[in-house]
Amino acid sequence: MMNCCVQTNVTDDGKKIIPPTKPMSCAKSWLQEKTRKTFKKKNLHKRIPILRWLPKYNSEDAVGDLVAGITVGLTVIPQALAYSGIAGLPAAYGLYGSFLGCFVYIFLGSCKDVPVGPSAIVALLTFQVAHGSWQKSVLLCLMCGIVEMLMGLFGLGFLIDFVSGPVSSGFTSAVSLIILTSQVKNILGISAKGTTFVEIWTEIIHNIKDIRASDTILGITCIVVLLIMRLLPSCKIGPKEPHLRSKTQNVINKIIWIVGTSRNAILVILCCIMGVLLHSYHEGTPFKVIGYIPQGLPSFALPPTHLSVNETLTGKEETFVDMMRSMGSGLIVIPLISLMENIAICKAFANGKPVDASQELIAIGAANIANSFVQGFPGTGALSRGAVNNASGVRTPLSNIYSGALVIISLIFFTPYFYYIPNATLAAIIIAAVVFMVEVKVVKPMWRAKKSDLLPGLVTFIACLVLPLEMGILIGVGLNVIFILYSAARPKLSTEILTTPGGTEYLMITPDRCIIFPSVDYVRNLVNKQSLRNNVPVVIDASHIYGADFTAATVIESLLRDFASRRQLIFFYNLKPSICALFESLSPTEFVVYYQEQQLDELLKERDYSQDKLQTVGV
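Attention here is on the structure that accompanies the text. Every value quoted in this text rests on a predicted model; they were computed, and no experiment measured them.

## Observations regarding the pairing of strand β8 (residues 570-573)
Part 1 of the reasoning: Neither face of β8 is exposed, since Ile570 and Phe572 on one face and Phe571 and Tyr573 on the opposite face are all buried.
Part 2 of the reasoning: The pairing of strand β7 (residues 538-541) with β8 spans four bridges and is classified as parallel. Among the inter-strand pairings, Val538 is bridged to a residue of β8, identified as Ile570.
Part 3 of the reasoning: Handedness of the β-α-β unit built from β7, helix α24 (residues 550-565) and β8 comes out right-handed.
Part 4 of the reasoning: Relative to strand β9 (residues 593-594), β8 runs parallel, the two being bridged by two bridges.

Next comes the structure, spelled out in structure tokens:
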């Protein structure tokens with residue numbers, strides 16, 4: 001913090017006289033300094049990235065963004081309808097959360113490939129926190145946005161580093177199976193309530209007698225079609241090298257790619273037409289449809305902060321405090337998972353460039369705050385849409401304006417037709433997407449590299465299947481932290497018998513990390529054990545000790561006393577000056593540090609040390 005500058009006068013005897021200062025003038029000076037730093041060009045470009053790329057925007061960027069935006073828009077609309085079902089909400093709420101946040105991200109987002117909107121994982125977390133209440137889901141969107149914004153402003157993006165690769169894989173795999181399970185009921189045309197993997201399967205088995213053949217046949221057919229169409233983008237006709245293909249071949253390949261990429265939209269349109277035709281000729285469709293979706297844009301309003309008796313599951317009125325209390329740890333878990341998804345997209349297409357996690361938190365936080373005012377539920381970037389965005393040739397975050405515009409157009413003009421979209425079709429879209437999120441492929445390399453890393457991943461996977469998701473991820477992160485603390489408390493010490501240039505044997509002990517309070521007693525015991533076993537002078541190689549604390553200094557003092565009591569020499573080699581000063585401040589006995597190997601013989605000579613003498617004493 002900046003100190004308030006004041007003028008000082010001097011008395012006749014040379015003492016300074018500091019005149020009284022007004023608090024308001026000091027606060028004004030501090031505010032002016034903060035304002036000056038905030039509005040520096042570098043900081044503005046960092047916090048409002050659009051200022052960095054918009055002045056360089058050209059026609060090629062515009063064409064790339066237009067193509068990518070429309071392609072992603074065709075993907076996000078069916079996904080938004082489908083993910084609403086995962087969140088336990090009417091289909092309209094997925095569309096409500098798919099346009100305003102896109103526009104906000106254009107100004108604050110730092111990654112061109114991120115398309116903001118609903119995602120399967122966050123939708124499932126929303127369901128487990130809000131239990132299908134649209135009022136709680138919308139309020140959750142606002143509160144998650146505020147938490148994300150604050151985390152970004154305070155630079156807490158590093159928290160994502162505590163979610164390790166194995167924990168992330170275990171969580172993602174468990175979520176994928178839960179989402180897949182939650183959609184089996186729509187494929188079978190039955191009802192099955194529940195929030196965890198076990199609960200949903202118990203309900204499915206209990207209600208299996210009510211299976212509907214028409215929904216099942218349609219759902220399985222849609223899944224097969226989607227999996228086949230998924231292969232189309234990788235299919236090419238003509239030579240492998242693009243420059244060797246004819247113009248016709250390139251056009252055909254582009255059409256094949258567009259068809260494969262827009263498979264969800266194409267399938268939804270075809271099934272919707274089928275639903276309209278069957279409804280017209282048979283006075284009702286033979287399968288369940290998503291039903292009525294209000295036409296037009298949602299009203300712009302503050303999220304609900306109060307639930308009446310008729311709006312709660314318990315039949316009791318809920319105040320704002322009650323609603324917040326019911327969300328619990330979801331207010332922290334959802335922002336972290338949202339960031340994890342977003343950063344996965346940024347890193348996948350960053351080509352080695354650094355990713356500003358804090359800025360992404362600010363961007364998705366602002367997007368969620370905006371979405372909450374148009375009745376959207378929490379969202380973030382989705383890796384599947386990010387891949388489509390990148391493959392479509394996106395150039396800047398401005399592509400979000402086109403995908404958001406398509407959602408607005410669909411809300412204004414096409415929602416009456418969405419009534420006839422079969423639930424089984426949307427379920428097939430979700431299943432065909434999440435089945436590839438089960439990360440089985442990471443198990444084999446993890447087993448080969450470090451088997452112990454499988455434990456936090458496996459525990460997270462099982463915990464997420466059995467318990468609510470936010471508890472599962474917290475258990476995984478907690479286990480990771482325990483592993484980190486254990487590693488800090490049990491540093492590895494390498495020992496070897498060496499000989500000085502003068503021919504004296506000594507024991508070199510090298511800790512592989514810093515010495516802090518959880519590990520100092522462990523290190524002391526090992527050093528004493530090894531020194532008693534070898535009975536020669538001991539040198540602690542401190543090259544890897546980059547930090548220590550007061551507790552470490554007190555234990556080092558005890559260690560020096562141990563060696564002094566048995567008249568055995570101990571020296572420290574290459575100890576950092578700051579740590580050396582800390583250790584010296586508490587060591588009443590002799591504390592010796594040297595920095596050149598040849599100095600060891602001189603130190604031994606100064607202490608009249610002889611190899612035979614110490615061995616005689618040891619005997």
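## Looking at helix α21 (residues 454-466)
Part 1 of the reasoning: With 13 residues, α21 should reach 18 Å at 1.5 Å per residue; the first-to-last C-alpha distance of 18 Å fits that figure.
Part 2 of the reasoning: Three or more residues of α21 are buried, namely Leu454, Pro456, Gly457, Thr460, Ala463, Cys464 and Leu465.
Part 3 of the reasoning: At its buried positions, α21 is contacted by α9 (165-188), α10 (197-206), α20 (443-449) and α22 (469-489).

## Some thoughts on the pairing of β7
Walk down a regular strand and you will see the side chains alternate between the two sheet faces.
Part 1 of the reasoning: In β7, alternate side chains face the same way, and those of Val538 and Ile540 on one face and Val539 and Asp541 on the other are all buried.
Part 2 of the reasoning: Of the pairings in the sheet, the one linking strand β6 (residues 505-511) to β7 comprises three bridges and is parallel in character. Note that in β7 the partner of Met508 across the bridge is Val539.
Part 3 of the reasoning: A crossover links β6 with its parallel partner β7, the connecting element being helix α23 (residues 520-534), and its sense is right-handed.

## Here we look at a nonpolar patch on the surface
Part 1 of the reasoning: Together, Val198, Leu458, Ile462, Val466, Leu467, Met471, Leu474 and Ile475 give the surface a local cluster of nonpolar side chains, amounting to about 650 Å² of exposed area.
Part 2 of the reasoning: At the level of secondary structure, the elements contributing two or more residues to the nonpolar patch comprise α21 and α22.
Part 3 of the reasoning: Here Ile462 lies in helix α21.
Part 4 of the reasoning: Residue classification places Ile462 among the partly exposed positions, given a relative accessible area of 45%.

Cut-offs and rules
- Residues numbered from 1 in each chain as written.
- Predicted model: local features only at pLDDT ≥ 70, side-chain atom pairs only at ≥ 80, totals over all residues.
- Heavy atoms only, no water.
- Buried < 20%, exposed > 50% of the residue type's maximum accessible area, 1.4 Å probe, protein only.
- Helix = DSSP H or I, 4+ residues; strand = E, 2+ residues; numbered from the N terminus.
- Pairing = 2+ DSSP bridges.
- Right-handed = clockwise from strand over helix to strand, strands pointing away.
- Expected span 1.5 Å × (residues − 1).
- Contact = heavy atoms within 4.5 Å.
- Patch = residues over 30% accessible without salt bridge, like charges linked within 9 Å, V, L, I, M, F, W, Y side chains within 5 Å.
- Areas by Shrake-Rupley, 256 points an atom, 1.4 Å probe, with all protein chains shown as cover.
- Salt bridge = Lys/Arg side-chain N within 4 Å of Asp/Glu carboxyl O.

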